[in-house]
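# Fold and geometry: a report
Here are the chains, one letter per residue:
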Amino acid sequence: REPETRRDLTRDAPPAAKPRPTLPPPEGGELKTALTKLVGVPTADRLFYVADALRYGISEAEINELTGIDPWFLAQIGRIIKQEQAIAESPTLDADLLWQSKRLGFSDLQIAALRHTNQGEIRKLRDSLGQNAVYGRVDTCAAEFPAKTPYLYSTYETESEADVSSRKKVIILGGGPNRIGQGIEFDYCCCHAVFALREIGLETIMVNCNPETVSTDYDTSDRLYFEPLTLEDVLSIVREEQSRGELLGVIVQFGGQTPLKLAVPLEEAGVRLLGTSADAIDRAEDRERFDALLTKLGMRRPQAGIAKTVDEARKIAQGIGYPVLVRPSYVLGGRAMMTCYSDSELEAYVGVAIDAAREEGGSQILLIDQFLKHATEVDVDLVSDGKRAIIGGVMQHIEEAGVHSGDSTSVLPPHSLGPDVVARIEKDARALALELGVVGLMNVQFAVKDSEVYVLEVNPRASRTVPFVAKATGRPLAKIAAKVMVGKTLDELGINEGSLPTHVAVKESVFPFSKFPGVDTILGPEMRSTGEVMGIAMNFPAAFDKSLAASGFALPETGRAFISVKDDDKAEACHVARRLRNLGFEIIATGGTAEALAKARIPAERVNKVLEGSPHVVDAIRENRVHLVVNTTQGTKAIADSYSIRRNALLANIPYFTTLSAALAAVDALEFSHHARGQVQVRSIQEWHARSSGSR
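The paragraphs below set out a description of the structure included in this document.

Conventions used here
Residues numbered from 1 in each chain as written. Predicted model: local features only at pLDDT ≥ 70, side-chain atom pairs only at ≥ 80, totals over all residues. Heavy atoms only, no water. Helix = DSSP H or I, 4+ residues; strand = E, 2+ residues; numbered from the N terminus. Rg over C-alpha atoms; globule rule 2.2 N^0.38 Å. Buried < 20%, exposed > 50% of the residue type's maximum accessible area, 1.4 Å probe, protein only. Contact = heavy atoms within 4.5 Å. Areas by Shrake-Rupley, 256 points an atom, 1.4 Å probe, with all protein chains shown as cover. Lys, Arg positive; Asp, Glu negative; His and termini not counted. Charge placed at Lys NZ, Arg CZ, Asp CG, Glu CD. Axes fitted to C-alpha atoms, helices over the stretch in contact; angles between N-to-C directions. Parallel < 35°, antiparallel > 145°, perpendicular 65-115°, else oblique. Left-handed = near helix turned anticlockwise from the far one by under 90°. Pairing = 2+ DSSP bridges. Salt bridge = Lys/Arg side-chain N within 4 Å of Asp/Glu carboxyl O. Nonpolar A, V, L, I, M, F, W, Y, C, P; charged D, E, K, R; others polar. Polar contact = N/O pair within 3.5 Å; in protein donor to acceptor, adjacent residues only side chain to side chain. Disulfide = S-S within 2.5 Å. Core = buried A, V, L, I, M, F, W, Y, C linked by side-chain atoms within 4.5 Å. Phe/Tyr/Trp six-rings, centres within 6.5 Å; stacked < 30°, edge-to-face > 60°. Lys NZ or Arg CZ within 6 Å of the ring centre and 35° of its normal.

### A look at the overall build of the chain
In terms of regular secondary structure, the chain is built from 27 helices and 22 strands. In terms of overall size, the chain behaves like a compact globule, its C-alpha atoms giving a radius of gyration of 28 Å where 696 residues would be expected to give roughly 26 Å. On the principal axes, the C-alpha backbone points of the chain span a range of 85 × 70 × 55 Å. Taken across its 696 residues, the chain has 52% of its residues classed as buried. A separation of at least 24 residues holds for 67% of the contacts in the chain among residues at least 6 apart in sequence. Approximately 31,400 Å² of the chain is accessible, and the part contributed by carbon and sulfur atoms is 51%. Considering the chain, the positive charge centre built from 79 side chains and the negative charge centre built from 93 side chains are found 4 Å apart.

This is how it looks when you write it as structure tokens:
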């Protein structure tokens, strides 16, 4: 493959994802040659390549010459590699070898892999030898006087500084490192859980390893363990906290998928989970058990299947009918999800998805789902005490189903769904919560197509939309859920179904595309946003306009709008174009779209696609002759061919829309802005809440 740097990042689409090739083991000097090249390039994986080079036998001096890394650091890595070899080659794992390995930072999982056993056996051995982690206190006072800040870290020494209290306490597992799909929204929930439990007199212990979160601030929780979210580390903290006082249990629901993966192993290890049981979580996440649940409740879901190989995936997809949505199981943020429109696209992609499933989920299971074209996706957040479920909010996505919920623009309350459909969605969400026995928060994703309601996914945990719902409605869902999880009932808390707010709130996603040269801006099932903003107004168009402005997309009042859409969208594109013309916009379009507009008697200037040669649409964008872009497409080739349009619109800071539903919403906002000049209402969020409360 040609090096990435040879691409014209403004015109050439990113190369298609490919699975890792299956190659025979390297022979002779092939491995050494590859490693000497890899260690010389500073990348995120460089330290791992350095370790591999030391394992292969390349000297520290040679690596220093290749990399410029200080010999002291190379010696420390070398020390770890030598210990690795000792663990693997020793006839027995005696007490001294185990102790030295733990002091060097080897996890039970690493030791188990080197000894060809499992981490449970290593944990049992440590317990029998009395080799358990103790906790040091981060010295925030530079040794001038004793530090009182409750920042703790694990180490293998002889004395613990944890200063465990004799109070009733709860451990809350945070979200760990932030990444796309696992962001600050979950930290919000963790913090609100701390605040809620403090209100009822409980001590709160936070476990999180991310210093950039509010949950790791010195004054958030009563005690903070700066530790990774792994089974070994959490069990060690549980042991420490159980040594004194009463540990009521552990909350795994608020930190997202990272702590949720620990639910089953923690329960198997005898740890009490607060809130929804591990079995209920597994029932929602295991595809076969989830299908049985929906059948029992008489609910519909898109056709689906489970595959582990390319052949199985192809057979299932052909049985369902293209397009299909392919996704790895147990991954964050829809990582490596894709909509496939043909056998060839599926075959090229399945290997990538299997790699992602293996890396994150520890399996190679793929979920193949029917793709519901032209469906509306809906998110529901609720809180349940196991006997009663209260709807927190119902959010309609502006983009059609197929765009990840974390990237989609959400409207609360729904702006175009009928009251009967919304009532059916709320009824189904409550039924799912009560059948699963949810205690705490739950998120359900539905799709509505031709007035039929389909269940897409159920997550018995806090979702990334909880902060938005809380701010839009004024109801602190996470705080309510935390109190419910430690035994309070909704009746005791006086929580009942609330009436809808009198305002409309719109959540708009913020994307980092401008920071990454060569990245395509088209939205799909894999999450790409890194933030979100909210617009509130008395109606949907005004709220959407505010949210776009807050996200950095200022809609032009007039100018030239470029429209190029896939065949399925041409009828709606005519509607968009006609309304834009009424607002004073000139329309330019590529050949097929221009023909559709001409048939609808909408004047439009035809412009070349990039492949048709200059002067083409990208030339017009670069010359500031385009002020709004509507570009929808499907299929790998068509997406690649139109990449330069989207990329150059981004670089020119031109508002662009890659779904027709978003373009229609933008036209709504433009029309409102045109007719309501100077009438934008600005209020604090407290004033919006008070206004809604006063009208109830």
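### Section: the packing of helix α13 (residues 287-297) against helix α16 (residues 419-436)
At a minimum axis separation of 11 Å, α13 and α16 run at an interaxial angle of 120°. If you check the angle between α13 and α16, you find them oblique. Between α13 and α16 lies a crossing of right-handed hand. Along the contact surface, α13 presents Leu 293, Leu 294, Lys 296 and Leu 297, while α16 presents Ala 431, Leu 432, Glu 435 and Leu 436.

### Some points on the sheet that holds strand β6 (residues 246-251)
Strand order in the open sheet formed by 6 strands is β1-β2-β5-β4-β3-β6, and the pairing between neighbours is mixed. In the strand order of this sheet, the two ends are held by β1 (134-137) and β6, each with one partner. With direction set aside, neighbouring strand axes in the sheet form an average angle of 30°. The sheet contact formed by β1 and strand β2 (residues 151-155) spans 4 bridges and is antiparallel. Across the sheet, the residue bridging to Arg 137 is Leu 152, located in β2.

### Some details on the environment of Met 395
With respect to the helices and strands, the residue Met 395 is situated in strand β12 (residues 389-400). Here Met 395 falls in the buried class, since its relative accessible area comes to 0%. Sequence spacing of Met 395 and Val 533 is 138 residues, and the spatial spacing of their C-alpha atoms is 15 Å. Other than its neighbours up to four places away in sequence, Met 395 contacts Glu 377, Val 378, Asp 379, Val 380, Asp 381, Ser 410, Val 411, Leu 412, Thr 465, Phe 468 and Val 469.

### Quick word on the sheet that holds strand β18 (residues 560-564)
Strand order in the open sheet made by the 5 strands is β20-β19-β18-β21-β22, with parallel pairing throughout. The sheet is open, and its two edges are formed by β20 (605-606) and β22 (656-657), each paired on a single side. Sheet topology places strand β19 (residues 586-589) next to β20; 2 bridges connect them, and they run parallel. Paired with Ala 589 across the bridge in β20 is Arg 606. Running over the sheet, helix α25 (residues 643-651) touches β18, β21 (628-631) and β22 and is turned about 155° from β21.

### A word on the pattern of salt bridges
Going through the model one piece at a time under the given rule, you end up with 38 salt bridges. Among the salt bridges present, the one from Asp 520 reaches Arg 646, with a minimum N-O distance of 2.7 Å. Taken together, the residues Asp 520 in the loop between β16 (504-510) and β17 (531-537) and Arg 646 in helix α25 connect sequence positions 126 residues apart. Judged by relative accessible area, which is 9%, Asp 520 ranks as buried. The network of salt bridges with shared partners includes Asp 291, Arg 301, Arg 327, Asp 369 and Glu 457.

### Some remarks on the packing of helix α8 (residues 184-199) against helix α17 (residues 466-473)
Their axes nearest at 8 Å, the elements α8 and α17 cross at an angle of 65°. Here α8 contributes Glu 185, Tyr 188 and Cys 189 to the contact with α17, which in turn contributes Val 466, Pro 467, Ala 470 and Lys 471. Its residues assigned to classes, the contact of α8 with α17 comprises 5 nonpolar, no polar and 2 charged.

### With respect to the side chain of Asp 407
Here Asp 407 is to be found in the loop between β12 and β13 (410-412). Buried charge without a salt bridge: Asp 407, with Arg 528 as the nearest opposite-charge side chain at an N-O distance of 6.0 Å. Among the polar contacts made by the side chain of Asp 407, one reaches the main-chain amide nitrogen of Arg 528 at a distance of 2.9 Å. Apart from the residues within four sequence positions on either side, Asp 407 is in contact with Ser 509, Phe 511, Leu 523, Glu 526, Met 527, Arg 528 and Ser 529.

### Concerning the state of the cysteines
The final tally for this structure, using the stated rule, is 0 disulfides. Here Cys 209 stays unpaired: no disulfide links it, and the sulfur of Cys 190, its closest cysteine neighbor, is 12 Å away.

### Focus on helix α12 (residues 278-285)
Of the positions making up α12, those classed as buried are Ala 278, Ala 280, Ile 281, Arg 283 and Ala 284. On its buried face, α12 sits against α10 (257-260), α11 (263-268), α13, α16 and β15 (452-459).

### Comments concerning the nonpolar core
Phe 544, Leu 580 and Val 629 are the most contacted members of the largest nonpolar core, which totals 57 residues. The element best represented in this core is helix α26 (residues 660-675), accounting for 9 residues. Here Leu 580 is in contact with Ala 561, Ile 563, Phe 585, Ile 587, Leu 628, Val 667 and Leu 670, once residues within four sequence places are set aside. Core analysis: the next-biggest nonpolar cluster, separate from the first, contains 41 residues, Val 170, Ala 193, Ile 251 and Phe 468 among them.

### Quick word on unusual backbone geometry
Glycine aside, negative phi is the norm for most residues, and most peptide bonds take the trans geometry. Cis rather than trans, the peptide bond between Tyr 322 and Pro 323 has omega equal to 0°. Here Pro 323 shows up in the loop between α14 (310-320) and β8 (324-328). In this chain, Leu 412 is followed by Pro 413 through a cis amide linkage whose omega measures -5°. Note that Pro 413 resides in the loop between β13 and α16. Phi is positive for Asp 450, which is not a glycine, with a value near 55°.

### Concerning the pairing of β21
Two faces, one strand: in a regular strand the side chains alternate between the faces of the sheet. Across the two faces of β21 the burial is the same, with Leu 628 and Val 630 and Val 629 and Asn 631 all buried. The pairing of β18 with β21 spans 4 bridges and is parallel. Among the inter-strand pairings, Ser 564 is bridged to a residue of β21, identified as Asn 631.

### Focus on the packing of aromatic side chains
Under the definition given, this model contains 8 aromatic pairs. Measuring from centroid to centroid gives 6.4 Å for Phe 553 and Phe 657, while their planes differ by 50°, and the two rings are tilted. Of this pair, Phe 553 sits in the loop between α20 (540-550) and β18 while Phe 657 sits in strand β22, and the two are 104 residues apart along the sequence. You'll find Phe 553 and Phe 657 in the same group, each marked buried. One aromatic cluster in this structure is built from Phe 553, Tyr 656 and Phe 657. A cation sits over an aromatic face here: Arg 683 above Trp 688, 4.7 Å from the ring centre.

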